[in-house]
Amino acid sequence: ETILGLGIDRIKLPPGVSIEQAKVIYGNSKYVRIVEENFIYKVDPIGVSPRPTADPNTIDEEALKTWHLKKIQADAAWLRPPQGTVVVGIIDTGIDYNHPDITDNIWTDPKNHHTHGFNAVNLKNILDPMDDNTHGTHVGGIVAAVKNEFGATGIDFRAKLMGIKVLNKMGFGESSDIAVGIYF
């Protein structure tokens, strides 16, 4: 099958043909520039390590929400006036563009006002990057959750998030789909 827009063919090897054999066979063709294995990637589970407090039996919930922002001195950057809109592509399991902590910061395609990114996993629904895993939404929140009275604040709470779904609902994805997402 040809991978959308990249001029790359993804080939399922016949039974009994190893990757090494395929690299030799296809690599010797004048029509092939490069042969690579289509690796499978998986997201790490989401988890937050508790920070120590004066009482070893408690967790500092507020520190769990903001310690990373303090670490990178995000508050100093927030005091500067905005220099235009930054769009950040979240190349992951998609993004829940209806999530209350990020919905105001979701990028919308100016040509198609119902599009918030790209879906390389389900080409039948190519313009809908809805997250069915939560990992991409979590990452998007770290990047650009709005500054409000609930939840955490993102590193750049003014940035716009473009969802680029390259990993499925189980958090798995192929390197070819990731390449398509990057190309998008």
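The present account deals with the structure reproduced in this document.

## Quick look at the overall build of the protein chain
- For the protein chain, the count of helices and strands is five helices and seven strands.
- The order of helices and strands in the protein chain, counted from the N terminus, is β-β-α-β-α-α-β-β-α-β-β-α.
- Per-residue burial for the protein chain yields a buried fraction of 32% across its 184 residues.
- Sequence-distant contacts in the protein chain: of pairs separated by 6 or more residues, those separated by 24 or more amount to 68%.
- Of the roughly 12300 Å² of accessible surface on the protein chain, 56% is carried by carbon and sulfur atoms.

## Let's talk about the environment of Leu161
- Checked against the element boundaries, Leu161 lands in strand E6 (residues 160–165).
- Judged by its relative accessible area of 0%, Leu161 is buried.
- Apart from residues no more than four positions distant in its own chain, Leu161 is found in contact with Val88, Ile90, Ile95, Ile102, Asn105, Ile106, Trp107, His116, Gly140, Val143 and Ala144.

## What about the environment of Ser175?
- Looking at the secondary structure, you find Ser175 in helix H5 (residues 175–183).
- Put simply, Ser175 and Glu36 are 139 residues apart on the chain and 9.7 Å apart in space, counted from C-alpha to C-alpha.

## A few points about the nonpolar core
- Ranked by size, the top nonpolar core spans 11 residues in total: Ile3, Val43, Trp107, Phe118, Ala120, Met162, Ile164, Val166, Leu167, Ile178 and Val180.
- When residues of this core are traced back to their parent elements, those giving at least two are E6 and H5.
- In contact with Met162, other than residues within four places in its own chain, are Val87, Val88, Gly89, Ile90, Trp107, His116, Gly117 and Phe184.

## Description of unusual backbone geometry
- Positioned with a positive phi, Gln73 is a non-glycine residue whose angle comes to about 60°.
- Note that Gln73 resides in the loop between helix H2 (61–71) and helix H3 (74–78).
- Judged by relative accessible area, Gln73 falls into the exposed class, the value being 56%.
- A positive phi angle, near 95°, is found at Thr134, a position not held by glycine.
- Mapped onto the elements of the fold, Thr134 is located in the loop between strand E5 (117–119) and helix H4 (135–144).
- The exposure class of Thr134 is exposed, given its relative accessible area of 52%.

## Let's talk about the side chain of Asp92
- Counting through the fold element by element, Asp92 comes out in strand E4 (residues 87–92).
- Comment: no salt bridge for buried Asp92; closest opposite-charge side chain is Lys165, at 8.0 Å.
- A polar contact of 2.9 Å, which involves the side chain of Asp92, links it to the side chain of His135.

## Some details on a nonpolar patch on the surface
- Taken together, the side chains of Ile40, Met170 and Phe172 make up a nonpolar region of the molecular surface, amounting to roughly 310 Å² of accessible area.
- Structurally, the position occupied by Ile40 is in strand E3 (residues 40–42).
- Classification of Ile40 by relative accessible area gives exposed; the value is 53%.

## Topic: the pairing of E6
- With five of its six residues buried, E6 lies for the most part within the structure.
- In the sheet, E4 pairs with E6 via six bridges, with the strands oriented parallel. Bridge pairing links Ile91 to Ile164 in E6.
- Where E5 meets E6, three bridges bridge the pair, whose relative direction is parallel. Across the sheet, Gly117 pairs through a bridge with Gly163, a residue of E6.

Criteria and thresholds
- Sequence order as written defines the numbering, with residues in each chain counted from 1.
- Reporting of local features is limited, given that this is a predicted model, to residues whose pLDDT is at least 70; pairs of side-chain atoms are given and counted only at 80 or more, and all residues count toward the totals for whole chains, interfaces and linings.
- Side-chain measures here rest on the full set of heavy atoms in the structure, leaving out hydrogens and waters.
- Comment: elements are numbered from the N terminus, with helices defined as DSSP H or I runs of at least four residues and strands as E runs of at least two.
- A simple rule labels every residue: compare its accessible area, found with a 1.4 Å probe on the protein chains alone, to the largest value its type can have, and call it buried under 20%, exposed over 50%, or partly exposed in between.
- Contacts are residue-level and defined by heavy atoms, with any inter-residue pair within 4.5 Å sufficient.
- Per-residue accessibility takes into account occlusion by the displayed protein chains alone, with areas from the Shrake-Rupley method and a 1.4 Å probe.
- Buried residues of nine kinds, namely Ala, Val, Leu, Ile, Met, Phe, Trp, Tyr and Cys, make up a nonpolar core once their side-chain atoms join them within 4.5 Å.
- Within this scheme the basic residues Lys and Arg register as positive and the acidic residues Asp and Glu register as negative, but His and the chain ends are omitted.
- We define a salt bridge as a contact between a side-chain nitrogen of Lys or Arg and a carboxyl oxygen of Asp or Glu at a distance within 4 Å.
- Polar contacts, as used here, are pairs of N or O atoms within 3.5 Å; protein pairs need one atom able to donate a hydrogen and one able to accept it. Residues neighboring in sequence count only if both atoms are side-chain atoms.
- Residues enter a patch when their relative accessible area is above 30% and they make no salt bridge; the linking distance is 9 Å between like charges and 5 Å between nonpolar side chains (Val, Leu, Ile, Met, Phe, Trp, Tyr).
- Strand pairing is assigned whenever DSSP detects at least two bridges linking the two strands.

These results come straight from atomic positions and should not be treated as a statement about function.
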